[in-house]
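# Structural overview for review
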Amino acid sequence: MALIKLSGTERRRLSAFFTCLVLALLAWLVTVLSNPHKYTVKGILEFRNTPQKRAFHPLQSDTVNITVNGNGWDMLFSKMSSANKAIPVDLSSLENTSYVVLRSQLDQINSKRENSQQITSFNPDTLYFDFSNRKVKRIPVHLVSRVNYQHQFFQSGPITLKPAYVIINGPANVIDKITEWNTDTLRIDTINDAVETQVNLQPVNEGNLSLYPKSVHVTIPVEEFTEKVLEIPVKVINNHDYEDVKVFPQKVRITFTTSLSRYEDTDEDFFEATADLDLWRLHGYKTLPVVISKIPAYCKIVKIEPQNIDFIIKK
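Here is a short report on the structure shown in this document. Only a predicted model underlies this, so the values are computations on that prediction, with no experimental measurement involved. (Residues numbered from 1 in each chain as written. Predicted model: local features only at pLDDT ≥ 70, side-chain atom pairs only at ≥ 80, totals over all residues. Heavy atoms only, no water.)

## Re the side chain of Ser-259
With respect to the helices and strands, the residue Ser-259 is situated in strand E20 (residues 251–259). Residues within four places of Ser-259 in sequence aside, it is in contact with Ser-156, Glu-223, Glu-224 and Phe-225. (Helix = DSSP H or I, 4+ residues; strand = E, 2+ residues; numbered from the N terminus. Contact = heavy atoms within 4.5 Å.)

## So, the sheet that holds strand E15 (residues 195–200)
Read from one edge to the other, the open sheet built from 3 strands follows the order E11-E17-E15, with strand pairing classed as antiparallel. Each edge of the sheet is formed by a strand with only one pairing partner; in this case those strands are strand E11 (160–162) and E15. Each strand axis lies, on average, 25° off the axis of its neighbour in the sheet, ignoring direction. Strand direction decides the pairing type here: E11 and strand E17 (residues 215–220), joined by 3 bridges, are antiparallel. Note that in E17 the partner of Thr-160 across the bridge is Thr-219. (Pairing = 2+ DSSP bridges. Axes fitted to C-alpha atoms, helices over the stretch in contact; angles between N-to-C directions.)

## Quick notes on the pattern of salt bridges
Counted according to the given criterion, the structure contains 4 salt bridges. The partner of Asp-176 in a salt bridge is Lys-135, and the shortest N-O contact between them spans 2.5 Å. One end of the pair, Asp-176, is in the loop between helix H4 (172–175) and strand E13 (181–182); the other, Lys-135, is in strand E8 (residues 134–142), with 41 residues separating them in the sequence. Lys-135 gets classed as partly exposed once you look at its relative accessible area, which sits at 31%. (Salt bridge = Lys/Arg side-chain N within 4 Å of Asp/Glu carboxyl O. Buried < 20%, exposed > 50% of the residue type's maximum accessible area, 1.4 Å probe, protein only.)

## Digging into unusual backbone geometry
With an omega of -5°, the peptide bond between Phe-248 and Pro-249 qualifies as cis. Turning to its location among the elements, Pro-249 is positioned in the loop between strand E19 (244–248) and E20. Between Glu-305 and Pro-306 the backbone carries a cis peptide bond, its omega angle lying at -10°. Looking at the element boundaries, Pro-306 is found in the loop between strand E24 (300–305) and strand E25 (308–314). Despite not being glycine, Asn-49 has its phi angle at roughly 55°, a positive value. In the Ramachandran plot, Asn-238 falls in the positive-phi region, its phi being about 60° despite a non-glycine side chain. Mapped onto the elements, Asn-238 comes out in the loop between strand E18 (222–237) and E19. Residue class for Asn-238 comes out partly exposed when judged on its relative accessible area of 30%.

## Let's talk about the packing of aromatic side chains
Tallied over the entire structure, the rule returns 6 aromatic pairs. Between the aromatic rings of Tyr-99 and Tyr-128, the centroid separation amounts to 6.2 Å while the plane-to-plane angle is 45°, which identifies the pairing as tilted. Linking Tyr-99 in strand E5 (residues 99–101) with Tyr-128 in strand E7 (residues 126–132), this pair joins segments that are 29 residues apart in sequence. Ring centres 6.4 Å apart and planes at 45° place the aromatic pair Tyr-149 and Phe-154 in the tilted group. Here the basic side chain of Arg-138 rests over the ring of Tyr-165, its NZ or CZ set 3.9 Å away from the ring centre. When the ring centre of Tyr-263 is taken as origin, the NZ or CZ atom of Lys-228, which lies over that ring, is 4.7 Å away. (Phe/Tyr/Trp six-rings, centres within 6.5 Å; stacked < 30°, edge-to-face > 60°. Lys NZ or Arg CZ within 6 Å of the ring centre and 35° of its normal.)

Below, the structure is given as structure tokens:
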């Protein structure tokens, strides 16, 4: 295949031609993008001045199509910018009506937008709302946590939440179904000391609900734990006929963990060991398993010796 050989002058002329072509295309593109255009983008509604005496529920999505007067550059970059997509909507008129006409708030909305980003119309243009009785309810806070302790360190008492209750306000049919409110997940690793921190409550997902306060103060008591051994007498339960029952041994040896601050004070009176005689009467057990039926909340049983005891019933 023969190659076309160009002289130096011809190459310069060809280069100049393509340069002019590219510049012409760029000039045309700039001119087109600079001309005014109407284009449609998605806008998220941001409700303001919500009614205080009426609970409401939107009957449509909080996203609408908005038609904007701008130029080609605005249209080109509209999907790259989210700063102007939130549309503030005044709901104060819902005190007397069940709908809001967005067109009636067009001047107010456009006053907060750039001149090159003026909205001309909405689709849908009218928002409809369902109403129900408003109710106020006090509900407990539930702490959601993922807490890991350092070796030999554990929670040494109840977790304290301040406040322990929050106030929710909204439609009665929604409020009645809510029994507690979760916090955001508290995540802490290798704890070896008491924890005091502020945790946010999970946000409200519905625009017709309000929550107060938005966060709680969390206190988790943490101490180092160690093992302790005690001998606990065994108590026979469900001796309905008041028979003379002898158990062997009469005491069991329990090994448990307790916090260092409570080590000396934790004695036999804090525990109760039982053996259920109904297991022999109803199920024919030859030996009775020992159950620790009473134990302090801050203690954890490690071992019971023996786990089963012998017994004799005297007729």
